[in-house]
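Residue-level structural notes
Each chain is listed here by its residues.
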Amino acid sequence: MSSAATSFDTLKATARSADPWEILGPMRRILEGKDLDYSTARILFRIVRLARKTSRAQSKNAPGAPLRLAVLAGQTSAQLAWALDLYLTASGFECELYESPFGAWRQDILNPQSGLYDFAPNVLILAPGSDAAPPPAVGASEEEVAAAIERELSGWRELWRPLAQAAIQVVQDDFVLPSLRPLGSQERNISSSPSAFYSRLNQGLRDEARGHVNIHDLDHLASWVGKRQWFDERLYHHSKQACALEAIPVYASSLAALVGALRGRSRRCLILDLDNTLWGGVIGDDGLEAIRLGQGSPEGEAFAAFQRYALSLRARGVVLAVCSKNENATARRAFEDHPDMVLRLSDIAVFVANWKDKAHNIRSIARQLELGLDAMVFVDDNPAERELVRAELPEVAVPELPEDPADYAGAIDRLRYFEAAAFTDDDTRRADYYAGNAKRAQAREASASDLEGFLAGLEMVSKIREITPLDLSRSTQLINKTNQFNLTLQRMTIAEVQQVAGDPRYLARTVRLRDRLGDNGLISVVIGRIQEDTLRLELWLMSCRVLSRGVEEALFLHLWNEAKARGLERLRGVYIPGPRNALVQDHYQHLGFTECEPDSSDPQGAKCWEFRVAAEPPQLRTFIQEEHP
Amino acid sequence: MTIDPVVVHERLEAVFRRVFDDDSIVISNEMTADDVDDWDSLEHINLIIACEREFSVRFMTAEIAGLKNVGEFEAILRTKLEI
């Protein structure tokens, strides 16, 4: 307790200092440590508030991406709201919060003049609680139950509609199945029981939730905590608390992870150590035969199970890499020759085994994958290596690893690094894209002297079209996580993208690219706003996995043709410098635009470029054939 | 294993200081919510939860709402700790 108290005093002092936001690093470590109790979370939130006050007094802005978050709860929302503020601030958002007046969340949504719409949130947390959906009487007929479910669902559709129109992204809790079971073991077998009703309603909500509504699996979270711990009847009777206050930190952290994912903050690559992380023992010393892996020992089984967990992450789009202090050949041999290895070399996008320091190697892995360090999670059983990477690369997430390999997967899973806002076809294939990229890199090396020959040999075909409903998830994902080839770094929720896609005042396009070596999927998004005679390109971004392939040239030709067909006179592009998008500072110049003065509609700090449509068609050589729908 | 009532008093004072983030708080039997800035219904629950964790006890529903002053608070704690 005393050491914890000291660290809080240090944090408090930092929060009062000239650099109050230096608290965020240590705070993240505390939040990622062991499960936080309510009172400690409260102390940490106070420190955040103190830092906020200090930085306001210094007229400085908080770091991080601005986020306007509304919390609408059927029960008491105060504790959930500050805990969300804590977790989101620690994960790099500059939060502004709104809570609906107690007991008035429905009115807040349905009244277009309400405080909610005044506040204009990006994201809305909707925590209705079971009281919002009373179950039918036990013994009700099948028809009555079905009617009650339909009544509920149509009520939710009504509530979601105005929120979609206001382009508000909704994160809605599902209903927690009660822990009291008057029907005993028959609870879920009888369709009129509360448990059966809520579980059917939850499924109905999931089936109906589209695009701008994301259902948060609160029932799972309550089970994970344990329902006897989750509920606190005393506090429900005392002040309508939806759950035990000790469950508030985990509740907020789960919601914050989902909100982060919706805003493009999920991590995307898992970097694994080998010795005593993927198998027991040190392969260089013990030899291939003596490492503990798979059948033969319970500990070996635990390592194999951890490998299966890593493989299941790969299957959903997390890129795997290896970073180990080993002889390269020895390390690879385990993957090639050990019969109980679950992970294969082909599962690993980048394999680094050498004797250099791991921070250096992780930097190089990030470069090769063209991912930011803030997309990386590094897992190593060795505390010294973890400390080194934390000190050298604070952007990389380095979870504490328990001593027992049986607990590895659980320790990583609970931190929700890879939380997803959606699961797209692209996710299932991402690992293969990276494999394809490795092959392309080899092909490029083979014909390095002849870039044009290489590009021509790829036989690339693009498909440029409007943002269709099927492309919404992937487009939004790309908009929120592309950091390098991104001209304006404008982030959007799926609801906002949907709105733009259907608006005739906008010209929105996606690009898909396939080539001889595989399908690259949807890799670029551009959004232009038509204002008088000008197409203002407000968003232009592209996945780095198709860098230097001529996609931007092909897309520009397409836009030029579109602008011409509409009788527009000008294309206008802006570049807004950000932390990692220097790559595209000359983008418009390269396409033949000339620099021009910013006007009142341009964001601050923007560099502006213009291309007159009447000028000669741009002389750009591309090796991409456009396929027309 | 019993706890010295003086220790209970000191630990309770530490809980108050932590919850209200004020190291100058000195608790006394007659002290009520009116005597402490910020001691509203929200902080009252925070106080209850912090005490439950500090002393590994559980307050009853009636006790949560019914505590009138610090003396009563401490008396209930002592009963729960069987001292």
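Criteria and cut-off values
- Residues numbered from 1 in each chain as written.
- Chains lettered and ligands numbered in written order.
- Predicted model: local features only at pLDDT ≥ 70, side-chain atom pairs only at ≥ 80, totals over all residues.
- Heavy atoms only, no water.
- Helix = DSSP H or I, 4+ residues; strand = E, 2+ residues; numbered from the N terminus.
- Rg over C-alpha atoms; globule rule 2.2 N^0.38 Å.
- Buried < 20%, exposed > 50% of the residue type's maximum accessible area, 1.4 Å probe, protein only.
- Contact = heavy atoms within 4.5 Å.
- Areas by Shrake-Rupley, 256 points an atom, 1.4 Å probe, with all protein chains shown as cover.
- Lys, Arg positive; Asp, Glu negative; His and termini not counted.
- Charge placed at Lys NZ, Arg CZ, Asp CG, Glu CD.
- Pairing = 2+ DSSP bridges.
- Right-handed = clockwise from strand over helix to strand, strands pointing away.
- Salt bridge = Lys/Arg side-chain N within 4 Å of Asp/Glu carboxyl O.
- Arc of directions from axis to C-beta.
- Expected span 1.5 Å × (residues − 1).
- 1 Å grid on protein atoms, 1.4 Å probe; cavity = no way out; pocket = protein on both sides within 12 Å on 5 of 7 lines; lining within 4 Å.
- Points joined across faces, edges and corners; volume = space filled by probe spheres on them.
- Axes fitted to C-alpha atoms, helices over the stretch in contact; angles between N-to-C directions.
- Core = buried A, V, L, I, M, F, W, Y, C linked by side-chain atoms within 4.5 Å.
- Domains from an automatic or database assignment.
- Phe/Tyr/Trp six-rings, centres within 6.5 Å; stacked < 30°, edge-to-face > 60°.
- Buried area = accessible area lost by both parts, 1.4 Å probe.
- Polar contact = N/O pair within 3.5 Å; in protein donor to acceptor, adjacent residues only side chain to side chain.
- Left-handed = near helix turned anticlockwise from the far one by under 90°.
- Nonpolar A, V, L, I, M, F, W, Y, C, P; charged D, E, K, R; others polar.

**A short note on the overall build of chain B**
When you go through chain B residue by residue, the secondary structure sums to 4 helices and 0 strands. Going residue by residue from the N terminus, the α and β elements of chain B occur as α-α-α-α. For 83 residues, the compact-globule estimate of 2.2 N^0.38 gives 12 Å, and chain B sits close to it at 12 Å. Its C-alpha atoms put chain B at 35 × 30 × 20 Å along the principal axes. Looking at the 83 residues of chain B, the share that counts as buried comes to 42%. Taking the contacts inside chain B whose residues are at least 6 apart along the sequence as the reference set, 53% of them involve residues at least 24 apart. As displayed, chain B has an accessible area near 4,500 Å², and 49% of this comes from carbon and sulfur atoms. Distance between charge centroids for chain B: 8 Å, based on 8 positive and 19 negative side chains.

**What about the pairing of strand β1 (residues 65-73) of chain A?**
Residue and element names in this part refer to chain A. The sheet contact formed by β1 and strand β2 (residues 93-99) spans 7 bridges and is parallel. The partner of V71 across the bridge, within β2, is E99. Crossover β1 to β2 through helix α4 (residues 78-90) is right-handed. As paired elements, β1 and strand β3 (residues 123-127) share 5 bridges and run parallel to each other. The residue of β3 that forms the bridge with V71 is I125.

**Remarks on the pattern of salt bridges**
Residue and element names in this part refer to chain A. Here the structure, examined in full by the defined rule, presents 46 salt bridges over all chains. As a salt-bridge pair, D174 and R206 come within 3.0 Å of each other at their nearest N and O atoms. You can see D174 sitting in the loop between β4 (169-173) and α8 (194-208) and its partner R206 sitting in helix α8, a full 32 residues away along the chain. Classification of R206 as partly exposed rests on a relative accessible area of 30%. Salt-bridge contacts for R572 lead to D599; the nearest nitrogen and oxygen are separated by 3.7 Å. Of this pair, R572 sits in strand β14 (residues 570-575) while D599 sits in the loop between β15 (594-596) and β16 (607-612); the two residues are 27 residues apart in sequence, bridging distant segments of the chain. Taking relative accessible area as the criterion, D599 reaches 32% and is therefore assigned partly exposed. It is possible to trace a salt-bridge network through shared partners that takes in R29, R386, E387, R390 and E400.

**Things to note about helix α9 (residues 218-225) of chain A**
Residues and elements named next belong to chain A. Buried within α9 we find L218, D219, L221 and A222. Along the axis of α9, the buried residues cluster in a sector spanning 160 degrees; they form a single face. Note on α9: the residue one or two positions beyond its end, G226, has a positive phi of about 105 degrees.

**A short note on helix α2 (residues 41-55) of chain B**
Here α2 of chain B contains 15 residues, and its C-alpha end-to-end distance of 21 Å stays within 8% of the 21 Å for a straight helix at 1.5 Å per residue. For α2 of chain B, the buried fraction is high: 11 of the 15 residues fall into the buried class. Along its buried surface, α2 of chain B packs onto α3 (38-57), α4 and α11 (233-239) of chain A together with α1 (5-20), α3 (61-66) and α4 (70-80) of chain B. At the exit of α2 of chain B stands S56 of chain B, carrying a positive phi of roughly 50 degrees.

**What to know about empty space enclosed by the protein**
Space left empty within the atom packing is revealed by a probe, the size of a water molecule, rolled over the atoms. Counted by the stated rule, this structure contains 2 cavities of 30 Å³ or more. In this structure, the largest cavity occupies an estimated 70 Å³ of space. Taken together, S39, R42 and I43 of chain A together with R18, V19, N46 and A50 of chain B form the lining of the largest cavity. Contributions of two or more residues to the lining of the largest cavity are made by α3 of chain A together with α1 and α2 of chain B. Per element, the largest residue contribution to the lining of the largest cavity is 3 residues, and it comes from α3 of chain A.

**Focus on the sheet that holds strand β6 (residues 269-272) of chain A**
Residue and element names in this part refer to chain A. The strand order across the open sheet formed by 4 strands is β8-β7-β6-β9, and the pairing between neighbours is parallel. The strands lining the two open edges of the sheet, one partner per strand, are β8 (348-354) and β9 (376-379). Here the average twist between neighbouring strands, direction ignored, is 15 degrees. Packed on one face of the sheet, helix α15 (residues 328-337) meets β7 (319-325) and β8 and runs near 140 degrees to β8.

**Some remarks on the nonpolar core**
All names here are of chain A. Judged by nonpolar contacts, the single largest core of 83 residues is most densely connected at I23 and Y251. Counting only domains with at least three residues in this core, you end up with domain 1 (1-63) and domain 2 (64-262). Excluding anything up to four places from it in sequence, I23 contacts L11, T14, A15, I47, V48 and A51. Counting 37 residues, the second largest nonpolar core, distinct from the first, contains I464, L487, V546 and F611.

**Digging into the packing of aromatic side chains**
All names here are of chain A. Counted under the stated rule, the structure contains 23 aromatic pairs over all chains. Centroid distance Y38 to W82: 5.5 Å. Interplanar angle 50 degrees. Geometry classified as tilted. Here W82 lies in helix α4 and Y38 lies in helix α3, a separation of 44 residues in the sequence. The buried category is assigned to Y38, whose relative accessible area is 0%. Put simply, the rings of W105, W156, F175, F197 and Y198 touch in pairs and so form one group of aromatic residues.

**Remarks on the interface of chain B and chain A**
On the chain A side, the residues contacting the 17 residues of chain B number 19 residues. Of the roughly 1,700 Å² buried where chain B meets chain A, counting both sides, 57% is carbon and sulfur surface. Sorting the residues of chain B by area buried against chain A places I45, I49 and R53 of chain B first, and these three jointly supply 30% of that buried surface. Where chain B touches chain A, the interface holds 6 salt bridges. For the pair chain B and chain A, the number of links is 6 residue pairs in polar contact (both at pLDDT 80 or more). Taken together, the elements giving at least two residues each to the side of chain B that touches chain A come down to α1, α2 and α3 of chain B.

**Focus on the sheet that holds strand β5 (residues 213-216) of chain A**
Residues and elements named next belong to chain A. Spatial strand order, β2-β1-β3-β4-β5: 5 strands in an open sheet with parallel pairing. Each edge of the open sheet carries a strand with a single partner, namely β2 and β5. This sheet shows a mean twist of 25 degrees between the axes of neighbouring strands, independent of strand direction.

**A closer look at the packing of α3 of chain A against α4 of chain A**
All names here are of chain A. The geometry of α3 relative to α4 is characterised by a closest axis approach of 9 Å and an angle of 65 degrees between their N-to-C directions. When the axes of α3 and α4 are compared, the crossing they make is left-handed. Packed against α3, whose contacting residues are Y38, A41, R42, L44, F45, V48 and R52, the element α4 presents Q79, W82, D85, L86 and T89 at the interface. For the contact of α3 with α4, the residue count by class is 7 nonpolar, 2 polar and 3 charged.

**Focus on unusual backbone geometry**
Residues and elements named next belong to chain A. If you check the backbone angles, N276 has positive phi at about 65 degrees while not being a glycine. Looking at the element boundaries, N276 is found in the loop between β6 and α13 (283-286). For N276, a relative accessible area of 24% puts it in the partly exposed group. Look at R416: it is not a glycine, yet its phi comes out positive at around 55 degrees.

Just distances and angles here, no functional claims.
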